[in-house]
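Residues per chain are reported as follows:
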Amino acid sequence: MTNELDYLKRRAGQGKLSRREFLGKTSALGVSAAAAGTMFATAVHAEGPKKGGDFKIGSVGGESTNSLDPAAAASQVPYHNNYQWGDTLVGVDGSGAVTNILAESIESSADAKTWMFNIRKDVEFHNGKTLTAEDVVKTMERHSNEDSKSGALGIMKGIESMKAEGDVFSVTLKDANADLPYLMADYHLMIQPNGGMDAPDTGVGTGPYKMEVNEPGVRHVYSKFDGYWGSDAHFDSVEIIAINDSTARTAALQSGQVHAVNRVEPKVAGLLDRAPNINVMSTAGPGHYVFIMHADTAPFDNNELRLALKHAINREEMVDKILRGYGSVGNDMPINAAYPLFDTGIEQRAFDLAKAAEHYKASGHDGSPIILRVADGAFPGAVDAAALFQQTAAAAGIPLEIKREPNDGYWSEVWNKQPFCASYWGGRPVQDQMYSTAYLSTADWNDTRFKNAEFDALLIQARAELDGDKRKALYSQMGTMVRDEGGLICPMFNDFVEGVSTSVAGWNGNPNGDLMGGQMTRQCWFA
Amino acid sequence: MHPIIKLVVQRLSLGILLLFAASAMIFGLTEALPGDAAQAVLGQTATPESLANLREEMGLNEPAISRYFDWLGGIMTGDLGSSIVNRLDIAESVGKRLGNTLFLAFWAAVVSVPLAIFLGLLAVRYRDRWPDKLISAITLTTISIPEFLIGYVLVYFLAVKMGWGTALAMVNDSMSLGQKLNAIALPVLVLTLVVLAHMMRMTRAAILNVMQSAYIETAELKGLSVFNVIAKHAFPNAVSPIVNVVMLNLAYLVVGVVVVEVVFVYPGMGQFLVDAVTKRDVPVVLACGVIFAAIYIGLNMLADIISILANPRLRHPK
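Everything numeric here is computed off the predicted structure, so don't read it as measured data.

1. Things to note about the overall build of chain A
Move 1: Counting its secondary structure elements, chain A contains 18 helices and 21 strands.
Move 2: For chain A, whose C-alpha radius of gyration is 24 Å, the value lies close to the compact-globule estimate of 24 Å for 527 residues.
Move 3: If one aligns the C-alpha atoms of chain A with their principal axes, the spans along those axes are about 70 × 60 × 45 Å.
Move 4: Evaluated residue by residue, chain A yields a buried proportion of 58% over its 527 residues.
Move 5: For chain A, the exposed surface amounts to about 19,600 Å²; the carbon and sulfur share of it is 48%.
Move 6: With 48 positive and 67 negative side-chain charges, chain A shows a spacing of 4 Å between the two charge centroids.

2. Some thoughts on the overall build of chain B
Move 1: From N to C terminus, chain B includes 15 helices and zero strands.
Move 2: Taken along the three principal axes of its C-alpha coordinates, chain B extends 85 × 60 × 35 Å.
Move 3: A buried classification covers 47% of the 318 residues belonging to chain B.
Move 4: In chain B, 74% of the contacts between residues at least 6 apart in sequence involve partners at least 24 apart.
Move 5: As displayed, chain B has an accessible area near 15,300 Å², and 68% of this comes from carbon and sulfur atoms.
Move 6: Positive and negative charge centroids in chain B, built from 22 and 20 side chains respectively, lie 17 Å apart.

3. Digging into the nonpolar core
Move 1: Core analysis: the largest hydrophobic core is formed by 83 residues, its most contacted members being Val155(B), Ile207(B) and Phe264(B).
Move 2: If you look at the next biggest cluster of nonpolar residues, it comprises 67 residues, including Met293(A), Ala386(A), Tyr475(A) and Met492(A).

4. Some remarks on the domain arrangement of chain A
Residue and element names in this part refer to chain A.
Move 1: What the domain assignment reports for chain A is domain 1 (2-47), domain 2 (54-62 + 209-282 + 497-526), domain 3 (87-196) and domain 4 (288-494).
Move 2: Contacts between the two partners involve 11 residues from domain 2, matched on the other side by 11 residues from domain 3.
Move 3: Summed over both partners, the interface of domain 2 with domain 3 buries about 870 Å², with 55% contributed by carbon and sulfur atoms.
Move 4: Seen at the junction of domain 2 and domain 3, the total is one salt bridge.
Move 5: Residue Asp87 pairs with Arg522 through a salt bridge whose shortest N-O separation is 2.7 Å.
Move 6: The residue inventory of the side of domain 2 that touches domain 3, partitioned by class, reads five nonpolar, four polar and two charged.

5. Let's talk about the interface of chain B and chain A
Move 1: Contact with chain B, which involves 42 residues of that partner, is made by 47 residues of chain A.
Move 2: Carbon and sulfur atoms supply 57% of the area buried between chain B and chain A, which totals about 3,500 Å² over both sides.
Move 3: Linking chain B with chain A are one salt bridge.
Move 4: Lys279(B) serves as the salt-bridge partner of Glu63(A), at 3.4 Å between the closest nitrogen and oxygen.
Move 5: In this assembly, chain B and chain A are joined by nine residue pairs in polar contact (both at pLDDT 80 or more).
Move 6: By residue number, the principal contributor to the side of chain B that touches chain A is helix H3 (residues 48-58) of chain B, which donates six residues.

6. Quick notes on the sheet that holds strand E12 (residues 278-283) of chain A
Residue and element names in this part refer to chain A.
Move 1: Spatially, E8-E9-E10-E1-E11-E19-E12 is the arrangement adopted by the seven strands of the open sheet, whose pairing is mixed. The strands lining the two open edges of the sheet, one partner per strand, are strand E8 (209-215) and E12.
Move 2: Relative to strand E10 (residues 237-242), strand E9 (residues 219-224) is paired through five bridges, and the arrangement is antiparallel. Within the sheet, the bridge partner assigned to Ser223 lies in E10 and is Ser237.
Move 3: Each of strand E1 (54-59), E8, E9 and E10 is contacted by helix H4 (residues 76-85), which is oriented at about 170° to E10, the strand it contacts most.

7. So, the pattern of salt bridges
Residue and element names in this part refer to chain A.
Move 1: This model, assessed by the stated rule, comprises 25 salt bridges over all chains.
Move 2: Here Lys267 ties to Glu265 by a salt bridge, and the two come within 3.5 Å at their closest N and O atoms.
Move 3: Between Asp332 and Arg349 there is a salt bridge, with the nearest N and O atoms lying 2.7 Å from each other. Of this pair, Asp332 sits in the loop between strand E14 (327-329) and helix H11 (353-363) while Arg349 sits in the loop between E14 and H11, and the two are 17 residues apart along the sequence.
Move 4: Of the residues examined, Asp332 reaches a relative accessible area of 0% and is grouped as buried.
Move 5: Taken together, the salt bridges that share partners define one network made up of Arg315, Asp332, Arg349, Arg483 and Asp484.

8. Section: the packing of helix H9 (residues 303-311) of chain A against helix H16 (residues 468-485) of chain A
Between two packed helices, what matters for the description is the angle formed by their axes and the separation of those axes.
Residues and elements named next belong to chain A.
Move 1: Two numbers describe how H9 lies on H16: the axes approach to 8 Å, and their chain directions differ by 95°. Classed by the angle they form, the pair H9 and H16 counts as roughly perpendicular. Facing H9, whose interface residues are Asn303, Arg306, Leu307 and Lys310, H16 presents Val482, Arg483, Asp484 and Glu485.
Move 2: Grouping the constituent residues of the contact of H9 with H16 by class yields two nonpolar, one polar and five charged.

9. With respect to the packing of aromatic side chains
Residues and elements named next belong to chain A.
Move 1: All told, the structure shown has 22 aromatic pairs over all chains when counted by the stated rule.
Move 2: Measuring from centroid to centroid gives 6.0 Å for Phe55 and Phe526, while their planes differ by 65°, and the two rings are edge-to-face. Of this pair, Phe55 sits in strand E1 while Phe526 sits in strand E21 (residues 525-526), and the two are 471 residues apart along the sequence. The same class applies to Phe55 as to Phe526, namely buried.
Move 3: A ring pair is formed by Phe300 and Phe420, whose centres lie 5.0 Å apart and whose planes are at 55°; its orientation type is tilted.

10. Here's the deal with helix H9 (residues 185-211) of chain B
Move 1: Across its 27 residues, H9(B) extends 37 Å between first and last C-alpha, which sits within 8% of the 39 Å expected from 1.5 Å per residue.
Move 2: Buried residues dominate H9(B), accounting for 19 of its 27 residues.

11. Description of the pairing of strand E15 (residues 370-374) of chain A
All names here are of chain A.
Move 1: Of all the five residues making up E15, four are buried; the element is thus mostly covered by neighbouring parts of the structure.
Move 2: Pairing between E15 and strand E16 (residues 400-404): five bridges, direction parallel. Paired with Ile370 across the two strands is Leu400, which belongs to E16.
Move 3: Each parallel crossover has a hand, and for E15 linked through helix H12 (residues 382-395) to E16 it is right-handed.

12. Quick word on the side chain of Glu215(A)
Move 1: As for its position among the elements, Glu215(A) is in strand E8.
Move 2: Of the residues examined, Glu215(A) reaches a relative accessible area of 13% and is grouped as buried.
Move 3: Beyond its immediate stretch of four places on either side in the chain, Glu215(A) contacts His220(A), Lys96(B) and Asn172(B).

13. A word on the sheet that holds strand E5 (residues 114-119) of chain A
Residue and element names in this part refer to chain A.
Move 1: Spatially, E4-E5-E7-E6 is the arrangement adopted by the four strands of the open sheet, whose pairing is antiparallel. The sheet terminates laterally at strand E4 (103-108) and strand E6 (159-165), the two strands that pair on one side only. Direction aside, the axes of adjacent strands within the sheet are offset by 15° on average.
Move 2: Where E6 and strand E7 (residues 168-173) come together, six bridges link them in antiparallel fashion. Across the sheet, Ser161 pairs through a bridge with Thr172, a residue of E7.
Move 3: In the packing of helix H5 (residues 133-144) onto the sheet, contacts are made with E5, E6 and E7, and the angle to E6 comes to roughly 160°.

Each value, and the rule that gives it
- Residues numbered from 1 in each chain as written.
- Chains lettered and ligands numbered in written order.
- Predicted model: local features only at pLDDT ≥ 70, side-chain atom pairs only at ≥ 80, totals over all residues.
- Heavy atoms only, no water.
- Helix = DSSP H or I, 4+ residues; strand = E, 2+ residues; numbered from the N terminus.
- Rg over C-alpha atoms; globule rule 2.2 N^0.38 Å.
- Buried < 20%, exposed > 50% of the residue type's maximum accessible area, 1.4 Å probe, protein only.
- Areas by Shrake-Rupley, 256 points an atom, 1.4 Å probe, with all protein chains shown as cover.
- Lys, Arg positive; Asp, Glu negative; His and termini not counted.
- Charge placed at Lys NZ, Arg CZ, Asp CG, Glu CD.
- Contact = heavy atoms within 4.5 Å.
- Core = buried A, V, L, I, M, F, W, Y, C linked by side-chain atoms within 4.5 Å.
- Domains from an automatic or database assignment.
- Buried area = accessible area lost by both parts, 1.4 Å probe.
- Salt bridge = Lys/Arg side-chain N within 4 Å of Asp/Glu carboxyl O.
- Nonpolar A, V, L, I, M, F, W, Y, C, P; charged D, E, K, R; others polar.
- Polar contact = N/O pair within 3.5 Å; in protein donor to acceptor, adjacent residues only side chain to side chain.
- Pairing = 2+ DSSP bridges.
- Axes fitted to C-alpha atoms, helices over the stretch in contact; angles between N-to-C directions.
- Parallel < 35°, antiparallel > 145°, perpendicular 65-115°, else oblique.
- Phe/Tyr/Trp six-rings, centres within 6.5 Å; stacked < 30°, edge-to-face > 60°.
- Expected span 1.5 Å × (residues − 1).
- Right-handed = clockwise from strand over helix to strand, strands pointing away.

Printed below as a string of C-alpha cells:
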C-alpha cells in the first residue's frame with residue numbers, strides 16, 4: 001500500500017492527479033478523506049511551484065469597451081486584468097482573513113476610527129517609480145473624491161480624511177468601522193503611481209505582470225515584471241482571452257487553447273469533469289441569485305404577502321434544477337457560511353405551501369396577478385427559475401405573472417426600478433459591507449427598499465464592535481430581521497464553477513471571486 | 001460624358017447621401033434605446049454621484065443634436081473621434097477589427113465564390129442527374145442549418161475530438177499568414193457552407209434560363225462541347241444576376257457574421273458593434289454603422305456596374 005500511496009503522492013505533486021481523484025484513489029487504499037486531503041496538499045507543495053510557462057485564461061465578461069482604468073472595472077475580464085498589473089493594499093484569502101499585500105502591517109485606534117497601514121518599502125511600479133504612501137493616498141482620493149466615477153465610490157463614503165506620514169497611510173473615518181481593511185481589499189482599489197490621477201488607464205502598477213498587449217474585448221497579454229516585489233507569480237506570461245460564449249469557452253479549454261475558464265455552465269460541468277485533461281472546480285461563495293421586492297411599494301409593502309411568496313418558493317428544486325447541485329439553498333438573507341461571523345443557528349426557511357397560502361390569505365391581496373420581471377441576463381437560468389417559482393406559487397394559490405424583459409438595459413431600466421424582479425448579487429467579503437451596500441435605509445443600492453431604523457442602528461453598532469462574539473450576535477439578529485421582514489427572496493447561493501487544465505497545479509479556491517479571487521496567476525504554476 | 005462615368009458619379013453621390021441618412025438614423029435609434037453610456041458602464045455599481053460624474057466626463061449632458069453635429073463635423077475632417085467609454089481612438093480600434101473582418105471575408109470569398117460558381121456550372125452540365133441533385137441536396141442542407149450549429153458541430157468534431165483545427169479563431173499581428181490561415185480555417189469553412197447554396201443555385205438558375213436561347217442551340221450545332229457552351233456562351237450572358245447574388249453574399253460576409261464571430265471568438269467588427277451598442281458607445285456605433293453601410297452600398301454599386309459592363313445592351317444605350 002505504501003508504494004501505491006507514494007506513487008499517488010508523486011502523481012499529485014506533478015499535478016497529474018486532481019484533489020478529487022487523489023481522494024478517491026487513496027480512499028480505495030483505506031486512507032480517510034481528511035488524512036488524504038492533508039497528504040494531497042503536502043504532496044503538491046512538496047514538489048514546489050515551478051517557474052515559467054505561458055498561462056492562458058478564457059474569461060466571460062470582456063467587451064471591446066473595456067478600459068484598463070481600475071475604477072471602471074465591472075465585469076470579469078477587467079477584474080482579472082486589475083490583478084495582473086495591480087496590487088491592492090490588502091487582500092482577503094480563501095478563509096476570509098485579511099492578508100497584507102502592499103501594506104506590511106495594519107494598526108487601528110481603540111475606537112476603530114483611525115487606521116494606519118504601514119506601506120511596504122522598496123516596491124517598484126512598472127514605470128520605475130518607487131511606491132510611497134503618497135501614491136496610496138492619491139489612489140484612494142481618486143476613488144472617493146467628488147469627481148469620482150469609480151465602482152468603489154459606494155464603499156469609500158465613510159472616509160473623513162486620509163493622509164500620508166512617512167511610510168504610513170492613515171485613514172480617519174466618520175464612524176467606527178472594524179472592517180475597514182476589508183474595504184481596502186476591493187478590486188477597484190489598485191494602487192497606481194500618483195493614484196492614477198495623470199493616466200488612469202495605462203495599466204501601470206506594482207503587480208507581478210506588466211501589460212504588453214491591450215486589445216479590449218479580444219485579449220490582454222502580460223509578461224512577468226522583473227522588479228516584482230513578491231515571491232509568488234510563477235508564469236513567464238499571462239494572457240486573458242475574452243470568450244463570452246460559454247460553449248466556445250469550454251471548447252477552448254478542451255482543445256487546450258486555454259488553461260482555465262470561468263463560468264462553466266452547471267449543465268455541462270459534469271460532462272466536462274469527465275474529460276481526461278480537465279478538472280472542474282467548484283467553490284462555494286457569497287454570490288446569490290435573488291428575486292427582489294420593493295418593500296415600500298404596493299402590494300409588496302405588506303409583509304404577509306412577502307412571507308407568502310418566501311414560503312412559496314422551492315429552494316431545493318432550484319438548487320437542483322437551476323444550479324444542478326453547484327450551489328446551496330438560500331435563507332432570504334444575503335449572508336451564508338462563506339462569510340466570517342455567520343450564525344449557522346438561524347432556522348432555514350422551508351418550502352411550505354400551507355404556510356404560503358395562510359400568509360397569502362392574511363395579506364388580503366385582491367387576487368390580481370403579481371408581476372415578476374425577469375431576463376436571462378439577471379442570472380443564468382433566471383427565466384427558468386421564475387417559471388418554477390410561478391408553478392409552486394400557483395399551487396399555493398398565488399397568481400404570479402412573469403414578464404420577460406430584454407437583457408439589454410436590464411440593469412438600468414428594470415433592476416432597482418421595478419418593484420419585483422430577478423437579480424443577482426456577487427456578495428462582499430464581510431457582512432457589514434453586504435448590509436451597508438444594499439440593506440441600509442440610505443444605501444444607493446437598497447434594491448429591496450428595506451428601511452428599518454432598528455436595523456440601521458444595529459448595523460452601525462456592529463461596525464464599531466471589536467468583540468467577535470458580540471458582533472456575531474448582532475449580525476445574527478440583523479440577518480433574522482432581513483429574513484423575516486425584508487423584501488429579499490433568496491432561493492440559492494451559486495458556486496463558482498470553473499474548468500482548469502490538469503497541467504496547472506496550486507489551485508486554492510477563494511470565495512471572494514472567480515478563478516481563486518483573481519489570484520490564480522499568482523498562486524498557480526505549471527506542474 | 002460617357003454614360004458609365006455618369007452613372008458612377010450619380011451612384012456615388014446618391015451613396016453619400018444615403019450614408020448621411022444612415023448615420024442620422026443610427027444615431028437616433030441608439031439614442032432612443034433605454035439607458036445611456038454612463039449607466040451601461042457602471043451597471044449594478046452605479047451611484048447617483050458616480051453617474052453624474054461619468055455623464056459629465058462623457059459629455060452626455062450636451063443635447064443630442066449638438067453631439068450628432070459634433071460627430072458629423074469630426075468625420076468631415078476625417079476624425080472618427082474616440083470611444084466615450086474606454087477613450088481609445090476609434091480609427092485605430094475599428095481599423096484593427098475591420099482588417100480582421102475583411103481578412104476573414106476575403107478568404108471565405110476566395111473559397112466560396114469560385115466553388116459556388118463551379119458547382120453551379122457542374123449542376124447545369126449534369127442537370128437532373130445525380131451530380132446536380134447531390135450538389136443541391138448538400139448545399140441546401142448546409143444553408144438550412146443555423147450557422148452557429150454548424151460552427152459548434154465542427155468545433156466539437158474537428159477541434160475538440162480530432163485536434164485538427166483550433167476552437168478559437170484568435171488572430172493577431174504577431175502571427176504569420178500561415179498561422180492566421182490555420183486559425184481561421186474553421187470559420188471559413190462554416191461561412192463557405194452558409195453562403196454556398198445561394199450563389200450556386202442562382203448560377204444554376206441563371207444559366208439554365210440562358211440555355212433555352214437560340215444562340216446556345218447554334219453553339220451546340222457548331223459542335224462545341226457542353227462545358228464550353230456553358231462557360232463561353234451561357235455564362236457571360238447570365239453574369240448579371242450572378243454578380244448581384246455574389247455581391248449580396250460578400251456584403252453578408254462582411255456585415256452579417258456576428259454569430260460566427262461569437263462562436264469562434266473571432267475579433268471582428270460584428271462583436272465590436274454589439275459591445276458598443278450594449279454600452280451605448282454612440283461614436284463607435286456610428287463609426288461601425290457607417291462603415292457597414294458604406295460596404296453595403298459600395299458592393300451593390302459594384303454589382304450594378306459589373307452587370308452593365310457585362311451587358312452590351314446596357315453598355316451602349318441608344
